[in-house]
There are 2 protein chains.
Amino acid sequence: MSLASRILDGELRAAARLMRNLDDGFRSAVDDMKELYPHTGRAFILGITGPPGAGKSTLVDQLTAAYREQGKRVGVVAIDPTSPFTGGAILGDRIRMNRHADDPGVFIRSLATRGHMGGLSRATADVVNVMDAMGMEVVIIETVGVGQDEIDIVRLAHTTVVVSVPGLGDDIQAIKAGVLEIGDVFVVNKADRDGADRTARELAVMLEMKKTAPGDWLPKVMMTEASRNRGIAELVDEIALHRSWLADSGTLERIRQERSVRHFEELLRERLFAEVFGHIRVNGRYREIVEAMASGRTDPYRAVDTVISERFGTPCQES
Amino acid sequence: MSLASRILDGELRAAARLMRNLDDGFRSAVDDMKELYPHTGRAFILGITGPPGAGKSTLVDQLTAAYREQGKRVGVVAIDPTSPFTGGAILGDRIRMNRHADDPGVFIRSLATRGHMGGLSRATADVVNVMDAMGMEVVIIETVGVGQDEIDIVRLAHTTVVVSVPGLGDDIQAIKAGVLEIGDVFVVNKADRDGADRTARELAVMLEMKKTAPGDWLPKVMMTEASRNRGIAELVDEIALHRSWLADSGTLERIRQERSVRHFEELLRERLFAEVFGHIRVNGRYREIVEAMASGRTDPYRAVDTVISERFGTPCQES
């Protein structure tokens, strides 16, 4: 019985196993994903992003509790900064959301920011698809920071919540500008802190400067104190409003299609490299190139030319 | 006359032009890079990283001034968070380091975190190589944040300075742990702020817990107030000490070789994708796949299988 079948039968351990297989680049994992794919497309995917220290984990914990109260199964993909030393996620699954640890309706997966063949965005898309296929009705993706990866990942989401917090440094303003366009809902967390109202006002002003067309979604700025569960119900309502707008405006279907295309491109990039890299490792070409670069007989640019022409240069029959 | 020759002749505008060509994926840029490559390997590459709000830009500005006083030419590659809306860097070259704007001994290039074919790390490596070939004796790479990209980029550097700042949130501790192993020198900037001593002590304690072997470099924690130019001379001295250690311990040569190998792999990944993606765009296969995915007749996993088998499945002559 395939892992995919066992996942569709509700076996949580099979899902964890497939996610490890995907990480390890097992070829069988691709077959499992093909089997699961027809069962995806039902989950609502919620992205939570913002700078370090904004309290995103606590917010995700509270949102998870809120969706559980609605009777929904919840998957959480937490993108953790990686320790370059251990190679693992710094926070990890275990210290996250202890209160949901024994709830079979919550499935948590931490993805370290390093070591994903083909990129973190591809790895996250795979994990979201597995959670979707296993029947998680809400999948929350939590990312720390606002780098290229984070923005790509957040674009996997249907609704993106950008979390801010009062009293961070000047650079934060620049980052706010960067995420202004990706946020569907803005949250000022730790709203009891000095400066919370000012942060909210500044965000609102920046949002008002955005050009909009009739029918566009107009993002609101919400206030929360996640650690005291304040403002969470209102946030859940606002997210639900955005979800309705997505469906009514046809945006949901467009997001789904864009996500497929991007996922295809990322998988293609990864598989092409894996094929050719595996090839030159096995036939000894890689070792020759590394030695030639060390001794200065070639350089990265020339070496790539050589490999490409060896692989594609000889006329190959087109199918 | 090639752009590369003009760069080697000292023409700054030719360097800027090549960097744009690299960004745009021009094939001629690869030829220029091949021509420049033998002239690289002389620059000292300094990485500056840390969380948003730590004052990295000011620190880079002061370090630039200090190296200029030593008579050294300085290149700065600033990795800026990107506006997903405009696609451009948020901070940009122009508002950076105005006081160095008219100094021909300083060459500044901002790289946006988005839109680099083959990844930001590859794009940064290319820009560093151009600056190296054009005779910049110090190349400073400044990154915001600590995502996967940032860590990869920082690994391009010979010496990495991790900038911290007192009084950020709890998540910062986790991130500190993540960058602990990549830092050769640690700086607590804004050292006049409350809690600076505590932050420095915490860092020192974490550093002491690292396992070390005899002959290893032992990172120090330095205090700076970059905005008042305090602690900069001491930081420059400490960086120079690390540079000497790199040379004496043979680490410099190992870093150079590792960088070539990684650059080769990144260029290969990019070129393979560009070749095959270009191929399926031109022959109409891409459009067919996008439509088949939209209508549910295929999925990303199956579509990649198809493309791979079409490209590699038919036995192709090995050279």
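This structure is a prediction, so every number in the text was calculated from the model and none was measured.

Peer 1: What exactly am I supposed to notice about helix H4 (residues 56-69) of chain A here?
Peer 2: Turn by turn, an α-helix covers 3.6 residues, leaving residues three or four places apart pointing in a common direction. Residue and element names in this part refer to chain A. Its 14 residues place the ends of H4 20 Å apart at the C-alpha level, agreeing with the 20 Å of an ideal helix rising 1.5 Å per residue. By the criterion of burial, H4 is predominantly enclosed, with ten of the 14 residues buried. Within H4, burial applies to Lys 56, Leu 59, Val 60, Asp 61, Gln 62, Leu 63, Thr 64, Ala 65, Ala 66 and Tyr 67. The first or second residue beyond H4 is Gly 71, which carries a positive phi of 85°.

Peer 1: What exactly am I supposed to notice about helix H10 (residues 251-282) of chain A here?
Peer 2: Along its 32 residues, H10 of chain A runs 46 Å from first to last C-alpha, staying within 8% of the 46 Å computed at 1.5 Å per residue. Phi turns positive one or two residues past the end of H10 of chain A, at Gly 284 of chain A, with a value near 85°.

Peer 1: Hey, could you run me through the confidence of the model for chain A in this one?
Peer 2: As a general rule, the predicted coordinates of low-pLDDT regions are not to be interpreted in detail. Residue and element names in this part refer to chain A. Summarising the model, chain A shows a mean pLDDT of 84, and 84% of its residues fall at 70 or more. Of all secondary-structure elements in chain A, the lowest mean pLDDT belongs to helix H7 (residues 171-179), at 55, while helix H9 (residues 232-249) reaches the highest, 97. pLDDT under 50 marks residues 83-90. Its contacts with residues more than four places away, or in other chains, come to 24 contacts. Considering only residues more than four positions removed or in separate chains, one finds that residues 314-319, a stretch of pLDDT under 50, has ten contacts. Complex prediction metrics read pTM 0.76 and ipTM 0.79.

Peer 1: Can you help me understand the packing of helix H5 (residues 120-133) of chain A against H10 of chain A in this one?
Peer 2: A pair of packed helices is characterised by two quantities: the angle between their axes and the separation of those axes. All names here are of chain A. Running from N to C, H5 and H10 point in directions that differ by 120°, and their axes come no closer than 9 Å. As summarised for this structure, H5 and H10 are arranged oblique, according to the angle between their axes. Note that H5 runs across H10; the crossing there is left-handed. For the pair H5 and H10, the contacting residues are Ser 121, Arg 122, Ala 125, Asp 126 and Asn 129 in the first and Arg 262, His 263, Glu 266, Leu 267 and Glu 270 in the second. When the residues that make up the contact of H5 with H10 are grouped by side-chain class, the tally is two nonpolar, three polar and five charged.

Peer 1: Please clarify how the environment of Ala 123 of chain A should be interpreted in this entry.
Peer 2: Inspection of the secondary structure assignment puts Ala 123 of chain A in helix H5. Sequence separation of Ala 123 of chain A and Leu 267 of chain A is 144 residues, and the distance between their C-alpha atoms is 9.4 Å.

Peer 1: I tried to follow the pairing of strand E3 (residues 106-112) of chain A on my own but got confused; where do I start?
Peer 2: Residues in a regular strand point their side chains to alternate faces of the sheet. Residues and elements named next belong to chain A. Burial of E3 is extensive: seven of the seven residues sit out of reach of the surface. Going residue by residue along E3, you find Val 106, Ile 108, Ser 110 and Ala 112 tucked away on one face and Phe 107, Arg 109 and Leu 111 tucked away on the opposite face as well. Here seven bridges tie strand E2 (residues 74-80) to E3, and the two strands are oriented parallel to one another. Looking at E3, one finds that Asp 80 is bridged to Ala 112.

Peer 1: Any chance you could explain the sheet that holds strand E1 (residues 44-50) of chain A here in plain terms?
Peer 2: Pairing between the strands of a sheet is mediated by backbone hydrogen bonds and can be parallel or antiparallel. Residue and element names in this part refer to chain A. With parallel pairing, the seven strands of this open sheet are ordered in space as E3-E2-E4-E1-E5-E6-E7. Strands at the two margins of the open sheet, each flanked by one partner only, are E3 and strand E7 (220-223). Taking each pair of neighbouring strands and ignoring which way they run, the sheet shows an average axis angle of 20°. Note: strand E6 (residues 185-188) against E7, four bridges, orientation parallel. When the bridges of E7 are listed, Val 188 appears paired with Met 223. Its contacts with the sheet place helix H8 (residues 196-208) against strand E5 (159-164), E6 and E7, and it is angled at close to 170° to E7.

Peer 1: What is the right way to read the side chain of Lys 34 of chain B from this model?
Peer 2: For Lys 34 of chain B, the location among the structural elements is in helix H3 (residues 27-36). On the accessibility criterion, Lys 34 of chain B (14% relative accessible area) is buried. In this structure, Lys 34 of chain B is in contact with Asp 299, Tyr 301, Arg 302 and Asp 305 of chain A, ignoring residues within four places of it in sequence.

Analysis parameters
Residues numbered from 1 in each chain as written. Chains lettered and ligands numbered in written order. Predicted model: local features only at pLDDT ≥ 70, side-chain atom pairs only at ≥ 80, totals over all residues. Heavy atoms only, no water. Helix = DSSP H or I, 4+ residues; strand = E, 2+ residues; numbered from the N terminus. Expected span 1.5 Å × (residues − 1). Buried < 20%, exposed > 50% of the residue type's maximum accessible area, 1.4 Å probe, protein only. pLDDT = per-residue confidence, 0-100. Contact = heavy atoms within 4.5 Å. Axes fitted to C-alpha atoms, helices over the stretch in contact; angles between N-to-C directions. Parallel < 35°, antiparallel > 145°, perpendicular 65-115°, else oblique. Left-handed = near helix turned anticlockwise from the far one by under 90°. Nonpolar A, V, L, I, M, F, W, Y, C, P; charged D, E, K, R; others polar. Pairing = 2+ DSSP bridges.

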